[in-house]
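Read off the chains here:
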Amino acid sequence: MLTRLRRPSTVIPNLNVNKTPLHPAGVQPHFEKDHGEHEVTEIEETLYEKAHIDYSRVAIIENPSVAALYEDALVYETGTAITSSGALTAYSGAKTGRSPLDKRIVKEPETENEIWWGPVNKPMTPDVWKINRERAVDYLNTRNRIYVIDGFAGWDEKYRIRVRVVCARAYHALFMRNMLIRPTREELQHFTPDYIIYNAGKFPANRFTEGMTSGTSVAINFAEKEMVILGTEYAGEMKKGVFTVLFYEMPIKHNVLTLHSSANEGKDGEVTLFFGLSGTGKTTLSADPSRYLIGDDEHCWSDTGVFNIEGGCYAKCIGLSGEKEPDIFNAIRFGSVLENVVFDPETRVVDYDDATLTENTRCAYPIEFIPNAKIPCVTEKHPTNIVLLTCDARGVLPAISKLDRGQTMFHFISGYTSKMAGTEDGVTEPEATFSACFGQPFLALHPMRYARMLADKIEQHNANAWLLNTGWVGAGYTQGGKRCPLKYTRAILDAIHSGELAKVEFETYDVFNLQVPKSCPGVPSELLNPKTAWEAGADKFTDEVTKLGKLFKENFKKYESEATEEAINAGPVV
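Residues numbered from 1 in each chain as written. Predicted model: local features only at pLDDT ≥ 70, side-chain atom pairs only at ≥ 80, totals over all residues. Heavy atoms only, no water.

For the protein, an unreviewed UniProt entry supplies the name Phosphoenolpyruvate carboxykinase (ATP) and the organism Pseudallescheria apiosperma. Recorded in UniProt for the protein, the comment headed Catalytic activity (unreviewed entry) runs: "oxaloacetate + ATP = phosphoenolpyruvate + ADP + CO2". (UniProt positions renumbered as here; feature names shortened; annotations may be inferred.)

Written out as structure tokens, the structure is:
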């Protein structure tokens, strides 16, 4: 029988435990199968032909069940446990977040003229790619067992791509089983992948190889349709790697727009897209109990409507509670994967406020764990409203503004929010943060290409575009202002969804030239225009507006070479 391991009273109870492969009666370890007697499967044969993964030496566990992955994670991997809610908790090692500085795209003739080269997409030579790929495969061949997970990216069958994940950890396999769309048994029988991910986890890249800046390497080869991960066990690299593939494949091959956004749908079929960086409210505001959730993070907008890319959600857990986020809280159950959380070693109750390991604690769960999820996660309705979210800690952007075509492109490419003073050492005043298209680390093409496609679709389908500030009102963070109450933000959204807000009278807001409503149902009118709402003095207000306007213009310079005149002229006038 399975013996109970003594667990030290640390934040991750079994990090330093050397686990012995013990099995309950009747449960056989995967690696004990006799390779000399079993019939070679199609997956084993394919992996041998494509990557020389030797199925005679390593057991290849093909699309295992959730329960089987639980068993293997608990038996073979340190840092795993079952929490009181039934979720599997895992530890991602030294890397508890993505490694954007180690992301590479293979530079080859087929795609090099399409890729947006620069700090986001750094080139890798085909020769270095071969070295790293061989290194990952060599590592996988040393394991007793590896896992294969097959799934789809994209709920619209016309556009979805087939993804195969080959990895060494049961935790990684369960993570991607949740995040990809799960095929039926019939679909798995003849599954031929479009892209393959080889995840070597903690096994490092050779940092002396040309172009390597560390032992971590996350590389995509669009010509070979493969991705290789070395030197990181953070599961989010796989998810975002697939996202980058969609940012390339959909616009180039199908004229479909890929978006880093959440999306929901009203009871009458009215669809809203939400864009926003961390802390702006993208997940909170899209999780509306009166509306259906299409998805919380990644979508595509085609000629027929909107579809979610993923089969699951990847929610932040820091500060999570059943009162604040009941849907997410209740989704953390058997089948979910918690990353890097701290829990009581006796009760196994998770402390979601504990950031000892990282503030980037996460949970991956199937989207059907959300009660009001729209399954399948696709709609044939085009968006009625596009909401660009920002959290302006300077308190000078209006609570809500209506955007024209040029402003939509400008603010979409800018992707602005602010880091608040006091959140990090040395940050003494609000710090502007810009991320192109609200997802710069994942873009494959120049941001202007996505912005132009978005503006064209908005115009074609007569949608409204809004800039919604969930940040400070009355004054900036450092001047004693307060964050806009959530009840007013929700009232603004309700007025957007009902169509009422688009019908009120608007006025022009100086410097940014935004159209600001003079009234909004359920919201005090003095809250709508920052110039009238500020209590810290007119001179200070003017100074802060000018500062922010200059930061916007300075940031946009890097995109001007390919930006349209319409987008350039939509920026602040300072």
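How should I be thinking about the pattern of salt bridges in this particular structure?
Any two side chains of opposite charge can pair if their charged atoms end up close together. Counted according to the given criterion, the structure contains 29 salt bridges. Salt-bridge contacts for Asp456 lead to Arg405; the nearest nitrogen and oxygen are separated by 2.7 Å. Here Asp456 is found in helix α10 (residues 447-460), whereas its partner Arg405 is found in helix α9 (residues 405-414), with 51 residues between them in sequence. Its relative accessible area of 36% is what places Asp456 among the partly exposed residues. Assessed through its relative accessible area of 24%, Arg405 is described here as partly exposed. Each member of the salt-bridge network shares a partner with another, and the members are Lys239, Lys240, Lys282, Asp297, Glu298 and Glu310. (Salt bridge = Lys/Arg side-chain N within 4 Å of Asp/Glu carboxyl O. Helix = DSSP H or I, 4+ residues; strand = E, 2+ residues; numbered from the N terminus. Buried < 20%, exposed > 50% of the residue type's maximum accessible area, 1.4 Å probe, protein only.)

What am I meant to see in helix α13 (residues 538-556) here?
Every α-helix winds through 3.6 residues per turn, so residues three or four apart in the chain are directed the same way. Across its 19 residues, α13 extends 27 Å between first and last C-alpha, which sits within 8% of the 27 Å expected from 1.5 Å per residue. Among all positions of α13, only Phe541, Glu544, Val545, Leu548, Gly549, Phe552, Asn555 and Phe556 are buried. One side of α13 holds all its buried residues, which, seen down the axis, span an arc of 130 degrees. Residues of α13 that are exposed and point over 90 degrees away from its buried face: Asp539 and Lys550. Along its buried surface, α13 packs onto α9, β25 (416-419), β26 (431-434), β30 (506-509), α12 (530-533) and α14 (565-568). (Expected span 1.5 Å × (residues − 1). Arc of directions from axis to C-beta. Contact = heavy atoms within 4.5 Å.)

Which parts of the structure should I look at to understand the pairing of strand β21 (residues 362-366)?
In regular strands, side chains alternate between the two faces of the sheet. β21 sits mainly inside the fold: five of its five residues count as buried. Residues of β21 alternate between two faces, with Arg362, Ala364 and Pro366 on one and Cys363 and Tyr365 on the opposite face, all of them buried. Two elements, strand β18 (residues 337-339) and β21, share three bridges in a ladder whose sense is antiparallel. Paired with Glu339 across the bridge in β21 is Arg362. (Pairing = 2+ DSSP bridges.)

Which parts of the structure should I look at to understand unusual backbone geometry?
In most cases, non-glycine residues show a negative phi, while peptide bonds are predominantly trans. Omega for the bond connecting Ile375 with Pro376 falls within 30 degrees of zero, at -5 degrees, which places this linkage in the cis form. Along the polypeptide, Pro376 turns up in the loop between β21 and β22 (378-379). In this model, Phe438 sits at a positive phi of 55 degrees, which is unusual for a non-glycine residue. Secondary-structure assignment places Phe438 in the loop between β26 and α10. The phi angle at Asn462 is positive, at roughly 55 degrees, despite the residue not being glycine. Positionally, Asn462 belongs in the loop between α10 and β27 (464-469). The exposure class of Asn462 is exposed, given its relative accessible area of 67%.

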